[in-house]
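The chain contents come next:
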Amino acid sequence: AMEKNDLPGMRKGLAQLGRTPVLKDDKPTPLDEAISLTWFLENVFYYSVSNIYQYIKNNIYENKEIDNEIISIGFWPGGDRDGNPFVTTEITLQVANRLRNAALRNYYRDIRRLKRRLTFKNVEPVVIEIENKLYQSFTNPNQEPLISLEDLSNKLANIRKLIIEKHQSLFLPELDDLIYKVRLFGYHFAALDIRQDSRIHNQILQSIAAARPGLLPENYFELSSQERIQVLEKVSGDLEADSFADELTKNTLGSVRAIRQIQEMNGEKGSNRYIISNNQSALNVYEVFALFRLSGYSQELPIDIVPLFETINDLTNAETVMAELYNSPGYKKHLKLRGNKQVVMLGFSDGTKDGGYLKANWAIYLAKERLTEISRKNNIKIIFFDGRG
């Protein structure tokens, strides 16, 4: 209204602002927060990430195929349980479902626009088929999509081939834009990260030991850290989360099992990082490793276990922790199955509370140098995940 010098419009806008309550009566739930932030995925990142990818591919790689997403998006609402009792297994699954539905809805919008252009022989019927299946998939969000991600990708690739060979590459850039988006966002849109505090994991193991005698040695909690790691390397089971009365145990084990369900729905990238807050030792990582093994997972965990080093002491000790993990047979095997990559999160807020802004940043910088050095010595590619608390 101001740009148009529309005085009545300005008055209405100000009147609306004056009558709009600034404070909400009810605190938004984690699902409300996730739905709100999904708007940015659909309306900002969906376009900007694709544009960046295309620019790099066209101008740096000179249109050669690149086996790299360039940018991938992580998503915390609905998965971050650290200090948030309102994040339940049900909420996590609902958020994952919303993310998949948002991706399907955006693909449908794009294929509708393409349908007006790709009106060629042998091409139009496939485009219409994709449009119908995508529409039925996102309008029935609680059912499995009628078109799998692999099938969608293959159909788009076949359309591309036909356009090049038979139709003079008409509207190829518009089609490529959708192909890139499907490659970048899949059916997950953003990877839903799960996070919990290391002290909670220790409590959960105590709860399991009390409720299921024999799973852990009777003297387990009296053993040294190294002896506990040796025990945890060998544990296995298929504990149902709902079989425990304790809500904390139920929700923590539920989140571990939910990751597999999300990966079945949205692909492995749908949820493939488990972040351990307040990580102080190699044992903290093995405790999470054990919770997965006790929840029906095989040795091949389809997930990155991410220690978060945040306080000044933890940042200083990070090199020792990772050196111990790199030399542990069980964890070394896990890393090999993950392509010898290790994701490490370096926090910010707790370090700043601990030692102040400058000291926290300096501790993070030194930790990165030392972790890079120890990782290279062990032929591990380390990926840093920076906290911005």
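Up top is the structure.
An account of the accompanying structure is given in this report. As the structure is a computational prediction, the values presented were derived from the model and not from experiment.

### Overview of the overall build of the chain
Inference 1: Helix and strand counts for the chain stand at 14 helices and seven strands.
Inference 2: Overall, the chain is about 70 × 60 × 45 Å in size when its C-alpha atoms are taken along their principal axes.
Inference 3: Counting the 389 residues in the chain, one finds 47% classified as buried.
Inference 4: In the chain, 75% of the contacts between residues at least 6 apart in sequence involve partners at least 24 apart.
Inference 5: Taking the average location of the 50 positive side-chain charges in the chain and that of its 50 negative ones, the two points are 6 Å from each other.

### Some points on a nonpolar patch on the surface
Inference 1: A grouping of Leu 37, Trp 39, Phe 40, Val 44 and Phe 45 is seen on the molecular surface, where their side chains present a nonpolar patch of about 450 Å² in accessible area.
Inference 2: Note that Phe 45 resides in helix α2 (residues 30-59).

### Things to note about the pattern of salt bridges
Close approach of charged atoms allows side chains of opposite charge to pair.
Inference 1: Applying the stated criterion across every chain yields a total of 25 salt bridges.
Inference 2: When the shortest N-O distance is used, the salt bridge between Asp 80 and Arg 195 registers 2.8 Å. Here the residue Asp 80 occupies a position in the loop between β1 (74-75) and α3 (89-115), and Arg 195 occupies one in strand β3 (residues 194-197), the gap between them amounting to 115 residues.
Inference 3: Under the relative-accessibility criterion, Asp 80 is labelled buried at 16%.
Inference 4: By relative accessible area, Arg 195 is classed as buried at 13%.
Inference 5: Each of Asp 110, Arg 113, Asp 177 and Lys 181 takes part in one network of salt bridges that share partners.

### Topic: the side chain of Ser 50
Inference 1: Positionally, Ser 50 belongs in helix α2.
Inference 2: Judged by relative accessible area, Ser 50 falls into the buried class, the value being 0%.
Inference 3: Discounting residues that sit within four places of it in the chain, Ser 50 has contacts with Phe 45, Asp 177, Lys 181 and Leu 184.

### Overview of the sheet that holds strand β6 (residues 341-346)
Inference 1: Strand order in the open sheet formed by five strands is β3-β4-β5-β6-β7, with parallel pairing between adjacent strands. The sheet terminates laterally at β3 and β7 (381-386), the two strands that pair on one side only. In this sheet, neighbouring strand axes are inclined to one another by 25° on average, regardless of whether the strands run parallel or antiparallel.
Inference 2: Pairing between strand β5 (residues 304-309) and β6: two bridges, direction parallel.

### Side note on the nonpolar core
Inference 1: Judged by nonpolar contacts, the single largest core of 56 residues is most densely connected at Tyr 274 and Phe 292.
Inference 2: By size, the runner-up hydrophobic cluster in this structure holds 46 residues, among which are Ile 91, Leu 104, Leu 175 and Phe 189.

### Structural notes on the packing of α2 against helix α6 (residues 172-185)
A packed helix pair is summarised by two numbers, namely the angle formed by the two axes and the spacing between the axes.
Inference 1: Between α2 and α6, whose axes approach to 10 Å, the crossing angle comes to 110°. With respect to α6, the element α2 is oriented roughly perpendicular. Listed contacts from α6 to Phe 45, Tyr 46, Tyr 47, Val 49, Ser 50, Tyr 53, Gln 54 and Lys 57 of α2 are Asp 177, Leu 178, Tyr 180, Lys 181, Arg 183, Leu 184 and Phe 185.
Inference 2: By residue class, the composition of the contact of α2 with α6 is nine nonpolar, two polar and four charged.

### Here we look at the layout of surface pockets
Inference 1: Roughly 700 Å³ of volume is contained in the largest pocket.
Inference 2: Taken together, 20 residues form the lining of the largest pocket, with Glu 69, Ser 72, Asn 272, Arg 273 and Ile 383 sitting closest to its centre.
Inference 3: Residue assignment for the lining of the largest pocket shows that the elements contributing at least two residues are β6 and β7.
Inference 4: Computed from the structure, the second largest pocket encloses a volume of approximately 400 Å³.
Inference 5: Among the secondary structure elements, those contributing two or more residues to the lining of the second largest pocket are α3, α6 and α9 (247-266).
Inference 6: Residues that form the lining of the second largest pocket fall into these classes: eight nonpolar, 10 polar and six charged.

The rules behind each value
- Residues numbered from 1 in each chain as written.
- Predicted model: local features only at pLDDT ≥ 70, side-chain atom pairs only at ≥ 80, totals over all residues.
- Heavy atoms only, no water.
- Helix = DSSP H or I, 4+ residues; strand = E, 2+ residues; numbered from the N terminus.
- Buried < 20%, exposed > 50% of the residue type's maximum accessible area, 1.4 Å probe, protein only.
- Contact = heavy atoms within 4.5 Å.
- Lys, Arg positive; Asp, Glu negative; His and termini not counted.
- Charge placed at Lys NZ, Arg CZ, Asp CG, Glu CD.
- Patch = residues over 30% accessible without salt bridge, like charges linked within 9 Å, V, L, I, M, F, W, Y side chains within 5 Å.
- Areas by Shrake-Rupley, 256 points an atom, 1.4 Å probe, with all protein chains shown as cover.
- Salt bridge = Lys/Arg side-chain N within 4 Å of Asp/Glu carboxyl O.
- Pairing = 2+ DSSP bridges.
- Axes fitted to C-alpha atoms, helices over the stretch in contact; angles between N-to-C directions.
- Core = buried A, V, L, I, M, F, W, Y, C linked by side-chain atoms within 4.5 Å.
- Parallel < 35°, antiparallel > 145°, perpendicular 65-115°, else oblique.
- Nonpolar A, V, L, I, M, F, W, Y, C, P; charged D, E, K, R; others polar.
- 1 Å grid on protein atoms, 1.4 Å probe; cavity = no way out; pocket = protein on both sides within 12 Å on 5 of 7 lines; lining within 4 Å.
- Points joined across faces, edges and corners; volume = space filled by probe spheres on them.

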